[in-house]
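Descriptive structure summary
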Amino acid sequence: MTATLTTCPYCGTGCNFYLKADKTGRVTGVEPAGKHPTSRGQLCIKGWNAHAFVDHPERLTTPQIRQRGQLNAAGWETALDLVHEKLQGIAEKYGPDSLMFLSSAKVSNEENYLLMKLARAGFGTNNIDHCARLCHSSTVTGLVETLGSGAMTNSLSCFDETELIFVIGSNTTEQHPLIGSRILQAVQRGAKLIVADSRRIRLAKQADLHLRQQNGSDVALLNGMMRQILQDGLEDREFIASRTEGFSALEQSLDPFTPEHVSKITGLMPNQIVDAARLFGKTDKAMIVYAMGITQHSHGVDNVRAVSNLALLTGNLGRPGTGVNPLRGQNNVQGACDMGALPDVYSGYQKVADPVVREKFSKAWGCNLPESPGLMSTHAIEAAVEGKIRGMLILGENPMLSDANQAQVKQALENLDFLAVIDIFPTETAQLADVILPAACYAERDGTFTSTERRVQHGRKAVDPPGEAQADWQIVCQLLQRCGLQSDYADPAEIMTEIASLTPSYGGIAYDRLSDNGLQWPCPTSDHPGTPILHQDQCTRGKGLFSPVDYRPPKELPDADYPLLLNTGRSYFHWHTGSMTRRSHLLDREERSAFVEINPEDAKKYGFVERQQIRISSRRGSISCAAQLTGKVPVGQIFIPFHFAEGAANALTNNALDPESGIPEFKVCAVRIEPC
Amino acid sequence: MLKQLSRSDLEQLLEAVAKNYALQVPQLLADGTRQLGPYDNAELSLSGQPLQRKPTSYFFPQTELLLTLDAAGNVQQPPPAEKPLALFGMDRTDLAALTFLDQFFMAPPADDIYLHRRLNALLIGLTGDAGPDSSFLPLADDGCDIELIAINQKWLALGHSEAGKSLLRKFNDGDDKQLVTLRKASRDQPSDLLQQASQLLHDDLVPDAFWEEIADRCILCSGCNLACPTCSCFCLQDRQTPNGTERSRVWDSCQLDAFMREASGHNPLGTEALRTRRRIHHKLVADVERWGELGCVACGRCDRACPTGIGMFAVAEEMVERFGLRS
């Protein structure tokens, strides 16, 4: 029996646990790390079951190549040669920008770094992106503009000392359970809690105020709160004067957002807005916590700006127990962004358009690099439909289930001349691939992951990968080598040395420094202790910028033909496209198949009963799933988690994109429901 | 039989045990916790926090392959372990938990997989000055083959079973008077909180609204069950592999909806409040009725594993505080 300390593969909280393995190399269980600052001897249900999918018999164990429509087993050399030859061929014929690379928030920092190197240096395109496009691209865009850094400003330990937590658009106890539990504990010790969420989530039961605003009306709510704070004189004038700019423009922009006007847009009572503003404004130390409810809108960046404005207005920044705290959803989505698996930046958010930066990377990698920013993943799907993207390499992502408007994604992927997928299971996306390369999962390789609080931590190998599967970094290295680039890294630690040398915020990150619970970036030098709280003396950009925003409604609201609002997201027991959790016995048993949450009043209106299979249709598609009658959703809204291939919520969702961040409007579209 | 062991005697004893057993010893892990691990690569951690992973997991692991069924219908069971297990470092609560678990798994009809692991296993308890900062842990006085009682950098060794006595035979005799004093010190029970809570539940003095309140604070992590050394519930997992169907058992949790959900979808424990009540009621009332003792050995693991502070002690405390005066 062995016990290997590692980082949880699920959400971005960054819990650590020991993976137990037996003599035969099978992982047999999980034990939370008792003294780790995040897990503290505790885990959520997914963490406690994180071993369960590792040895599932459906793991991919050998490379496969599609021949006459069939996927057949092949050798590594043949498969890798083919991937390189096909991608190279497309780049030569149609130009490097006819290729798209999708990296993964599930693989390590080192692996993300190598894939972005492969796209940029190996194939000469900045067309690289990953699923942060679908979750926090609005945050990265919005907070970089207002504060200079797109990450969670504070640390999880701040929950232990804050006086108020304002949770807007985050179902924290289900999606970041060990953060949600800290919020519940804060409430137990007397901290105030405001929850703004149309759904009656678990946190709402403990909240001092629960605001059930209409999905997509967050800008109006936040502007209304800020206007009221100014009316009552509860703003932090000293902070505004010394630490911010653009205040007068903000002040003017808030004028129209009277409680009555906001009430009309949000569906809240005017006094609820006033109460929330006063409770928040009178508190000295308040944390704003948000997630997909803020970001996944066609005005996601505006939502983020409004959140940032509220924090700046009340001086809730740069101190313990305060901050703008976007919760990152995957265990390495922060790291994938940090490593430059994004179309416009190298690692550490260094812009590809900056000639000095480009020169630095060009010199380090020994090749010329493309100048113009690449395509966002959501735009790449559109481009593939149009035939402008012809070849794609997807590392550990499953856009067939995770992206909005499934019909369009399918059309895009089928339209490609060549698709290669690196994954651990035969996902819905892998089924469409020309070549599948089998990867090691988190339990089978070393690497680092960066949690939502910017904590860079070890992931450690506990057991060998199944069959011929290889670590992603080894697979990407072999492609780098075929592109004639340096690829003889001995191990992930050596890759991190290269990352540190090129990435100021990771300059002091080295494997031998991470053993004691990791380091929080920015960590620029080898003697720097890391940075638990950002923007302490000044913001990363200098002054905090007020960025006024106006309310824009969602792109598609209920109407006569499609009278209900569809909200989508995750459930507690499953993870994203279900490839891991649906293969984990206890989690699968808890929620076996697709379901839709519907308010009992609506169910009565339509004559539906509990567990009845019902059809849900939008302008883009139609699915069926079992009705779950619950007051958790308000009247007029239904909620479907996107985990289930057989009732894919994203067959319905609207791929209307935020003009700046390219994020789809997962949280609002119009649907109709009928009996099956 | 009472012996006294020096550090080198202790090492000799462990060396002798390791010859015939797969010996697991307490170790300090990288995150600062103590757990049992293989003897061969370990530096002993002879005092400190309670063992993080419940030692009962050696006999009833989180996932355990039971059998493989091939296409022809042949059933194959995993080969038995080469050597029986020996666990060193269990404190009084760990040993009490294993005794409790033994009742469940070995009551007729005995669970043969558990039985095979358990029957020839050797248990070496560790009590006395073996707590955090060498604080005193009460004596177990039973439930193991050998009990090592740490005192002044030495260990009094009590042989409880024949196997234990024979392993200790060659060492020097210990001082019985010391043992008497230590036994006296062990008699001071910490509190009767759990007994009081048990009585309240037994007398039905805790209203349903209380369980709703506690359940609202539960995030369904299942950690209370998985960390509990007396929880014995498991479910079956069948997987199709190239070799046939693999049937395993997996730790289950009564806090999950599907734990008792029927195929129709109906669930006799259909609310979180009912399931939360069951968790506490089972240990404090149902187990007392079935086994004549509390199902909680007061090890504190569920309280430490609970992210929202509603483990056994926390709930019992709240219950007694709020409803105790009425009884």
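To start, this report covers the structure provided alongside it. (Residues numbered from 1 in each chain as written. Chains lettered and ligands numbered in written order. Predicted model: local features only at pLDDT ≥ 70, side-chain atom pairs only at ≥ 80, totals over all residues. Heavy atoms only, no water.)

1. Observations regarding the side chain of Asp602 of chain A
All names here are of chain A. To keep things clear, this is the line we draw: In this description a helix means any DSSP run of H or I spanning at least four residues, a strand means any run of E spanning at least two, and both kinds are numbered starting from the N terminus. For each residue, the accessible area found with a 1.4 Å probe, counting protein chains only, is set against the maximum for its type, and the residue is called buried under 20%, exposed over 50%, and partly exposed in between. Two residue types count as positive, namely Lys and Arg, and two as negative, namely Asp and Glu; His and chain ends fall outside the count. The term salt bridge refers to a pairing of a side-chain nitrogen on Lys or Arg with a carboxyl oxygen on Asp or Glu at a separation within 4 Å. Contacts are assigned to residue pairs with any non-hydrogen atoms lying within 4.5 Å of each other.
Within the element layout of this structure, Asp602 appears in helix α24 (residues 600-606). Buried charge Asp602 goes without a salt bridge, the closest partner of opposite sign being Lys605 at 4.6 Å. Look past the residues within four positions of Asp602 in its chain and what remains in contact with it is Leu564, Pro634, Val635, Gly636 and Gln637.

2. Topic: the nonpolar core
Buried together is how nonpolar side chains tend to be arranged in soluble globular proteins. Let me state the cut-off plainly: Here, nonpolar core means buried Ala, Val, Leu, Ile, Met, Phe, Trp, Tyr and Cys residues that are tied together by side-chain atoms lying within 4.5 Å of each other.
Ranked by internal contacts, the top residues of the largest apolar core, which has 165 residues, are Phe101, Leu118 and Trp365 of chain A together with Leu284 and Met319 of chain B. Other than its neighbours up to four places away in sequence, Leu118 of chain A contacts Phe101, Phe123, Leu393, Val476, Leu479, Leu480 and Cys483 of chain A. In terms of nonpolar packing, the next biggest core, distinct from the first, is built from 46 residues, Leu209, Leu211, Val262 and Ala277 of chain A among them.

3. Structural notes on the pattern of salt bridges
All names here are of chain A. Counted by the stated rule, this structure contains 53 salt bridges over all chains. Between Glu556 and Arg620 there is a salt bridge, with its nearest N and O atoms 2.9 Å apart. Highlighted residues: Glu556 in the loop between β22 (544-545) and β23 (564-569) and Arg620 in the loop between β25 (613-617) and β26 (622-629), separated in sequence by 64 residues. The exposure class assigned to Arg620 is buried, which follows from its relative accessible area of 18%. Several salt bridges converge on common partners, so that one network encompasses Glu145, Asp302, Arg305, Arg552 and Glu660.

4. As for the sheet that holds strand β20 (residues 455-459) of chain A
For sheets, the rule is that strands pair by backbone hydrogen bonds, running either parallel or antiparallel. Put simply, the rule is: Pairing between strands requires that DSSP locate at least two bridges from one strand to the other.
If you trace the three strands from one edge of the open sheet to the other, you get β19-β20-β21 (chain A), paired in antiparallel fashion. Each edge of the open sheet carries a strand with a single partner, namely β19 (447-450) and β21 (519-520) of chain A.

5. So, the sheet that holds strand β18 (residues 435-438) of chain A
All names here are of chain A. Taken together, seven strands build an open sheet; the order of strands is β5-β4-β18-β17-β16-β6-β7 and the sheet is mixed. Both outer strands of the open sheet, β5 (70-73) and β7 (128-129), are each paired with one neighbouring strand and no more. Relative to β7, strand β6 (residues 99-102) runs parallel, the two sharing two bridges. Looking across to β7, one finds that Phe101 is bridged to Ile128.

6. Quick look at the packing of aromatic side chains
Worth spelling out the cut-off: Two rings from Phe, Tyr or Trp (for Trp, the six-membered ring) form a pair when their centres sit within 6.5 Å of each other. Planes less than 30 degrees apart are called stacked, planes more than 60 degrees apart edge-to-face, and all others tilted.
Under the counting rule described, the total for this entry stands at 26 aromatic pairs over all chains. With centroids separated by 4.9 Å and ring planes inclined at 65°, the aromatic side chains of Tyr572 of chain A and Phe573 of chain A adopt a geometry described as edge-to-face. For the residue pair Tyr572 of chain A and Phe573 of chain A, the accessibility class agrees, reading buried in each case. Consider the rings of Phe210 of chain B and Trp211 of chain B, whose centres lie 5.0 Å apart with planes at 80°: the pair is edge-to-face. Taken together through their ring pairs, the aromatic side chains of Phe59, Phe60, Phe104, Phe105, Tyr114, Phe234 and Trp251 of chain B make up a single cluster.

7. Comments concerning helix α21 (residues 472-482) of chain A
Residues and elements named next belong to chain A. When you tally the buried positions in α21, you get nine out of 11 residues, the bulk of the element. Taken together, the buried positions of α21 are occupied by Asp472, Trp473, Ile475, Val476, Cys477, Gln478, Leu479, Leu480 and Arg482. Backbone geometry just downstream of α21 places Gly484 in the positive-phi region, at approximately 80°.

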